[in-house]
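# Observations on chain architecture
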Amino acid sequence: EGPITPQSLRQEIDQYHGILADIDADVAAGAMSHAAGRQAKLGVWDDIMGLERELLGIHISATPFDRVPVDVLGECATADTVEDGGEGDYTIVATVSKITQRTDKNGRSMAFVSLFAQTTDLDVVVFSDQWEKYHRDIRQYGLVLAVVRKTDRGCQLKVLQPVS
């Protein structure tokens, strides 16, 4: 393999679009259920987004937020809304952009997590109780629906649910 060029990236993405068309054809022909087709297509889109993120540092063809229904996305706060808003609980949909695990003063695991909540990163503390409960669902680049509590000391995770 040689260096990545815009043409080679375009060719690779075109191959993925061919796979998506094949999945649609299989569903239309009854060779694959709608649910299986949706799961297969999500996997292909994950591959496309991963390739773009790895090579370009941004998403071009799609974003993880495309999986979230527009009405749900519209009801969720963005990072800017949380940062500019007052204290309280905010529901967000976000991708996990950074995880820094630490040990608290009692020897328990906790983490500092950056969540890209539609507009920019939101830094959130995940205290030990929440980390114990949700650490398996907090994955790099994973899409999550979360409730964060903003206080005068910053934001902390209250509830988290992965989005598939």
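The structure this text deals with has already been given above.
Definitions and limits used
Residues numbered from 1 in each chain as written. Predicted model: local features only at pLDDT ≥ 70, side-chain atom pairs only at ≥ 80, totals over all residues. Heavy atoms only, no water. Helix = DSSP H or I, 4+ residues; strand = E, 2+ residues; numbered from the N terminus. Buried < 20%, exposed > 50% of the residue type's maximum accessible area, 1.4 Å probe, protein only. Contact = heavy atoms within 4.5 Å. Patch = residues over 30% accessible without salt bridge, like charges linked within 9 Å, V, L, I, M, F, W, Y side chains within 5 Å. Areas by Shrake-Rupley, 256 points an atom, 1.4 Å probe, with all protein chains shown as cover. Salt bridge = Lys/Arg side-chain N within 4 Å of Asp/Glu carboxyl O. Lys, Arg positive; Asp, Glu negative; His and termini not counted. Charge placed at Lys NZ, Arg CZ, Asp CG, Glu CD.

With that settled, the discussion passes to the environment of Val 159. As for its position among the elements, Val 159 is in strand S5 (residues 154-162). Here Val 159 falls in the partly exposed class, since its relative accessible area comes to 41%. Not counting residues within four places of it along the chain, the set of residues in contact with Val 159 comprises Tyr 134, Leu 145, Ala 146 and Val 147.

With that out of the way, let us pick up a negative patch on the surface. Together, Asp 80, Glu 83, Asp 84, Asp 121 and Asp 123 give the surface a local cluster of negative charge. Of all the elements in the fold, those that place two or more residues in the negative patch are helix H4 (79-84) and strand S3 (121-126). When you line up the elements, Asp 123 lands in strand S3. Given a relative accessible area of 57%, Asp 123 falls into the exposed group.

Next up on the list: a nonpolar patch on the surface. Together, Leu 55, Leu 56, Ile 58 and Ile 60 make up an exposed nonpolar region whose accessible area comes to about 360 Å². Residue position: Leu 55 is located in helix H2 (residues 34-56). The exposure class of Leu 55 is partly exposed, given its relative accessible area of 33%.

On their own, these measurements won't tell you what the molecule is for.
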